[in-house]
Amino acid sequence: MYHDMTQKDYQWPSSFLNDSKHDKVFSSNSNKKVFNKIEDFFSQYYGCYVCLMPSGRSSISILLRYLNFDRSKTVFISKWSSNCLYSCIGPYCNISSDFVDPDLILVNHKWGYKSDFHKDFLSKIIIEDSVDTIHTDNSALFHNNGIAEIISLPKIIGSFSGGLILTKDQNLSEYIKSMQQDNLELGIIQSKKKREAIIGIKNDWGCHEHINTSLDIAALNNIENNMHNLYKNINVISHRREEILEKFSNMSIDLNRLGPVIVFPKSQYRIESDKTNFMVRQFDYSLKIDSTNCYQSSYLLPVHFRILDRHFRALLDAIFER
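Read on for an overview of the structure. (Residues numbered from 1 in each chain as written. Predicted model: local features only at pLDDT ≥ 70, side-chain atom pairs only at ≥ 80, totals over all residues. Heavy atoms only, no water.)

### Observations regarding the packing of helix H1 (residues 31-46) against helix H9 (residues 229-247)
In step 1: With their axes 12 Å apart at the nearest point, H1 and H9 run at an angle of 40 degrees to one another. On H9, the residues that touch Phe-41, Phe-42 and Tyr-45 of H1 are Leu-230, Tyr-231 and Ile-234. (Axes fitted to C-alpha atoms, helices over the stretch in contact; angles between N-to-C directions. Helix = DSSP H or I, 4+ residues; strand = E, 2+ residues; numbered from the N terminus. Contact = heavy atoms within 4.5 Å.)

What follows is the structure in C-alpha cells.
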C-alpha cells in the first residue's frame, strides 16, 4: 500500500497504487445500487448535488458538452497545467493559457490552494477545478460562483478511477445523470486499461476518457472500498499540517481546504540533505487566475495518507528557511 520515497511522483495517493486486489472482489450488488451508495455518501458530505463520473477528465468534458462548446469557444487554463486538461478540453474547443477574454475560465485550485481573480469576472462561465482538494467546510465550495466544482477521487481517496461533479444547479445535475452509464461498454474497457496502467502496462486510456461516462462494477467496488479513506486522509493531512506549522509558524494554510502537498518556494527555503529527493514544480503564489506570470519553482512536501510518517518527517526535517 505504501511505497518508499524513491518513487518520483508522490503528489497524490493514487500515485502509490500497486495492486488491484479490491477490483477482484466483486460484490453481489448491482451497479446501480453501488452507484447510488457512492453518490449519496458524497452528496451528504458536500451538501449539494453530486454526480459520479469515471474521472476528473470525463467530468470536465461532459460539462463542455452540456454547454454546447465548440471550436468557436475558448477555455482558459493556467500555465503549467497537466496534459490531462488538454486531452479533455482539446477535443471540443480552443485552449488558451493567456487570459484574453475567454468564454470559460477553469479556475485551478491547485493542491488545495484556492485561487480567484484581481478583477470581477463573475459574468463569465466558471468551472472550479478542485481535483485534489478535500473541502472541510461547505462554505469553501464554489469560491468563484462556478457552475460546478470538479473532484478527482484517485487524488483524495486513492481509488483507481472516479470523478465527482458538484453543483447547485438541478438542471445540470439531471443532464449529467441522464448520461451516466450511457456507454458502459467503453467504461468497461477504460476501467481495465486504468487497472493495467496501475501495474505499469502502458496504454491509451487517456485518449478516450473525454467521451467516457460510465463506471463498471470493478471501478464502483474499488471506489466503495476506498470511501473510508476520505476521513482517514482528512485526519492525516490535518495532523501533518500542525507539525508543519510548529516548525514554520509564519506559513499561511487554508483551514477549509486540504491539499495533498504543501508548497515551499525555493527562493525562501532550502533542503539540507542532498539524499532527500523532493519533487520540484511551478506554483503561482499570487493565487490570482488573471495575474501575470508569478510562478516560482517550489519543493513539494507530501502530506496525504499514503505517505508513511517516517518519510513525511524525514522530508520535513530536511526543509529550512533561507
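### Quick look at the pairing of strand E5 (residues 125-129)
In step 1: Counting buried positions along E5 gives 4 out of 5 residues, so the element sits mostly inside the fold.
In step 2: By the bridge criterion, 5 bridges tie strand E4 (residues 104-108) to E5 in an arrangement that is parallel. Looking across to E5, one finds that Ile-105 is bridged to Ile-126.
In step 3: In terms of strand pairing, E5 meets strand E7 (residues 148-152) through 3 bridges, oriented parallel. (Buried < 20%, exposed > 50% of the residue type's maximum accessible area, 1.4 Å probe, protein only. Pairing = 2+ DSSP bridges.)

### So, the sheet that holds strand E13 (residues 295-302)
In step 1: With respect to topology, 3 strands assemble into an open sheet ordered E10-E13-E12, the strand pairing being antiparallel. Only two strands of the sheet have a single neighbouring strand rather than two, namely strand E10 (261-265) and strand E12 (279-284). Between one strand axis and the next, the sheet turns through 45 degrees on average, direction left out of account.
In step 2: Two strands pair when backbone bridges link them, and E10 and E13 are joined in this way by 5 bridges, in the antiparallel orientation. Note that in E13 the partner of Ile-262 across the bridge is Leu-301.

### A closer look at the nonpolar core
In step 1: Within the largest apolar cluster, 55 residues are counted, with the highest numbers of intra-cluster contacts made by Tyr-46, Ile-244 and Phe-264.
In step 2: In terms of residue count, the dominant contributor to this core is H1 (6 residues).
In step 3: The contact partners of Tyr-46, leaving out residues within four places of it in the chain, are His-135, Asn-138, Leu-141, Ile-151, Ile-156, Leu-164 and Leu-166. (Core = buried A, V, L, I, M, F, W, Y, C linked by side-chain atoms within 4.5 Å.)

### Observations regarding the packing of aromatic side chains
In step 1: For the structure shown, the criterion picks out 15 aromatic pairs.
In step 2: Centroid distance Phe-41 to Tyr-231: 6.2 Å. Interplanar angle 85 degrees. Geometry classified as edge-to-face. Highlighted residues: Phe-41 in helix H1 and Tyr-231 in helix H9, separated in sequence by 190 residues.
In step 3: What makes Tyr-231 partly exposed here is its relative accessible area of 42%.
In step 4: Judged by centre distance (5.9 Å) and plane angle (80 degrees), the rings of Tyr-45 and Tyr-231 are edge-to-face. Of this pair, Tyr-45 sits in helix H1 while Tyr-231 sits in helix H9, and the two are 186 residues apart along the sequence.
In step 5: What links up through ring pairs into an aromatic cluster is the set Phe-41, Phe-42, Tyr-45, Tyr-46 and Tyr-231.
In step 6: Across from the ring centre of Phe-69, 6.0 Å away, lies the NZ or CZ of Lys-73, which sits over that ring.
In step 7: Positioned above the aromatic ring of Trp-12 is the side chain of Lys-155, whose terminal nitrogen or guanidinium carbon lies 4.4 Å from the ring centre. (Phe/Tyr/Trp six-rings, centres within 6.5 Å; stacked < 30°, edge-to-face > 60°. Lys NZ or Arg CZ within 6 Å of the ring centre and 35° of its normal.)

### Some remarks on the sheet that holds E5
In step 1: Spatial ordering of the open sheet is given by E1-E8-E7-E5-E4-E2-E3, a layout of 7 strands whose pairing is mixed. Of all the strands in the sheet, the pair left with one neighbour each is strand E1 (49-53) and strand E3 (94-96). Shown here is a sheet whose adjacent strand axes are inclined to one another by a mean of 25 degrees, direction ignored.
In step 2: The pairing of E7 with strand E8 (residues 163-167) spans 4 bridges and is antiparallel. Counted as the bridge partner of Ile-151 is Leu-164 from E8.
In step 3: Along the sheet, H1 makes contact with E1, E7 and E8, crossing E1 at roughly 140 degrees.
In step 4: Where helix H2 (residues 56-66) meets the sheet, it contacts E1, strand E2 (74-76), E4, E5, E7 and E8, and its direction lies at approximately 40 degrees from that of E8.

### What about the pattern of salt bridges?
In step 1: Applying the stated criterion across every chain yields a total of 12 salt bridges.
In step 2: The residue Lys-124 makes a salt bridge to Asp-101 at a minimum N-O spacing of 2.5 Å. A residue pair is termed long-range when its members are at least 10 positions apart, and Lys-124 in the loop between E4 and E5 and Asp-101 in the loop between E3 and E4 qualify at 23 residues.
In step 3: In this structure Lys-124 comes out as partly exposed when scored by relative accessible area, which is 23%.
In step 4: Of the residues examined, Asp-101 reaches a relative accessible area of 59% and is grouped as exposed. (Salt bridge = Lys/Arg side-chain N within 4 Å of Asp/Glu carboxyl O.)

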